[in-house]
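Letter by letter, the chains look like this.
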Amino acid sequence: MVRPSNGFLSALSADDYGLIRPHLRTVDLPHDAVLVGTGETLKRAYFPHRGVISLVVELAKGERVQVAMIGRDSLLGTLSTMGDACALNTAIVLVPCVASVMDLDRLRAAADQSSTLRTLLTRHGLAVYAQVQQTAGCNASHPVESRLSRCLLQTHDLSGDSRLLLTQETMAQMIGARRNSVSLAANSLQQANVIHYSRGHIQITNLDGLHQTACECYASVKGQYDRLVRVS
């Protein structure tokens with residue numbers, strides 16, 4: 001079977017993929033589309049082929065802080081298949097996506113039939129949870145420039161693109177910082193010839209340089225994902 005270019009779908013056995021394949025359809029998800037709001041019931045699972053979905057916490061005064069990102073290597077709707085489908089955060093399209101989508105009830109029914117599918121869903125859910133934990137520690141302890149570098153690297157990895165459309169407001173949301181702090185950090189990275197930034201358009205020009213300025217949280221999140229998901 002020819003499968004969509006999504007890491008979760010690619011990792012499924014032929015039998016497990018056969019359980020969900022008839023229920024998959026492909027959709028385009030535009031920038032800033034809200035896939036589910038906090039407290040709402042998640043009704044669909046999303047498997048990005050490209051693009052990035054941002055998981056954000058919305059605070060009482062209207063601030064949004066990103067806690068995790070989901071891209072072409074995973075899916076939105078992991079733990080919801082095995083428990084309460086009430087969303088704990090808001091899922092917003094950060095980078096426009098092409099994704100496979102299916103009703104969550106269908107995925108839950110398939111998981112009920114297959115222990116290997118349930119195990120893979122759990123591992124992906126734990127990988128997202130590990131990212132949430134690391135992000136909380138990162139935003140509380142690390143400099144703005146290091147946090148911005150970490151998020152740019154993650155966005156690059158998940159989207160597969162070195163050209164990103166991210167406003168200062170969006171980047172501030174991604175790292176839990178003020179816009180003026182993000183502006184200073186982006187200018188610093190540009191002066192170091194790591195990125196080129198103009199009116200919300202970012203071109204990553206030096207990946208090695210971005211790795212050097214990122215905090216250890218980038219490698220930690222990646223290592224946890226590799227341990228939990230990329231298993232033989």
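Up top you'll find the structure we're talking about.
Residues numbered from 1 in each chain as written. Predicted model: local features only at pLDDT ≥ 70, side-chain atom pairs only at ≥ 80, totals over all residues. Heavy atoms only, no water.

**Focus on helix H3 (residues 104–113)**
Turning to step 1, where the next piece is worked out: All of the buried residues in H3 are Leu 104, Leu 107, Ala 110 and Ala 111. In an axial view of H3, the angular spread of the buried residues amounts to 120 degrees, which keeps them on one side of the axis. Seen from the buried face of H3, the exposed residues on the opposite side, beyond 90 degrees, are Asp 105, Asp 112 and Gln 113.
Turning to step 2, where the next piece is worked out: Elements that come into contact with the buried residues of H3 comprise helix H2 (14–20), strand S3 (44–58), strand S5 (90–103) and helix H4 (115–141). (Buried < 20%, exposed > 50% of the residue type's maximum accessible area, 1.4 Å probe, protein only. Helix = DSSP H or I, 4+ residues; strand = E, 2+ residues; numbered from the N terminus. Arc of directions from axis to C-beta. Contact = heavy atoms within 4.5 Å.)

**Concerning the packing of helix H6 (residues 168–175) against helix H7 (residues 179–191)**
Turning to step 1, where the next piece is worked out: In contact at an axis separation of 9 Å, H6 and H7 are set at 100 degrees when each is read in the N-to-C sense. By the angle class used here, H6 and H7 are roughly perpendicular. Across the interface between the two elements, Gln 168, Glu 169, Met 171, Ala 172 and Ile 175 from H6 touch Arg 179, Val 182 and Ser 183 from H7.
Turning to step 2, where the next piece is worked out: Within the contact of H6 with H7, the residues separate by chemical class into four nonpolar, two polar and two charged. (Axes fitted to C-alpha atoms, helices over the stretch in contact; angles between N-to-C directions. Parallel < 35°, antiparallel > 145°, perpendicular 65-115°, else oblique. Nonpolar A, V, L, I, M, F, W, Y, C, P; charged D, E, K, R; others polar.)

**Observations concerning the side chain of Asp 16**
Turning to step 1, where the next piece is worked out: Mapped onto the elements of the fold, Asp 16 is located in helix H2.
Turning to step 2, where the next piece is worked out: A polar atom in the side chain of Asp 16 sits 2.6 Å from the side chain of Thr 116.
Turning to step 3, where the next piece is worked out: Once you skip the residues sitting within four places of it in the chain, Asp 16 turns out to touch Ser 114, Thr 116 and Leu 117. (Polar contact = N/O pair within 3.5 Å; in protein donor to acceptor, adjacent residues only side chain to side chain.)

**Quick word on the nonpolar core**
Turning to step 1, where the next piece is worked out: Core analysis: the largest hydrophobic core is formed by 37 residues, its most contacted members being Phe 8, Ile 20, Phe 47, Ile 53, Leu 55, Leu 76 and Leu 107.
Turning to step 2, where the next piece is worked out: For this core, the element with the highest residue contribution is S5, accounting for six residues.
Turning to step 3, where the next piece is worked out: Look past the residues within four positions of Phe 47 in its chain and what remains in contact with it is Asn 6, Phe 8, Leu 9, Leu 24, Ser 74, Leu 75, Val 98, Ala 99, Ser 100, Met 102 and Leu 107.
Turning to step 4, where the next piece is worked out: Formed by 27 residues, the second largest nonpolar core is a distinct cluster that contains Leu 148, Ala 185, Val 194 and Ala 214. (Core = buried A, V, L, I, M, F, W, Y, C linked by side-chain atoms within 4.5 Å.)

**Section: unusual backbone geometry**
Turning to step 1, where the next piece is worked out: The residue Asp 32 is not glycine, and still its phi comes out positive at about 75 degrees.
Turning to step 2, where the next piece is worked out: Assignment of secondary structure puts Asp 32 in the loop between strand S1 (25–29) and strand S2 (34–36).
Turning to step 3, where the next piece is worked out: Positioned with a positive phi, Arg 199 is a non-glycine residue whose angle comes to about 50 degrees.
Turning to step 4, where the next piece is worked out: Following the sequence through the fold, Arg 199 ends up in the loop between strand S7 (195–198) and strand S8 (201–204).

Purely geometric numbers; function is a separate question.
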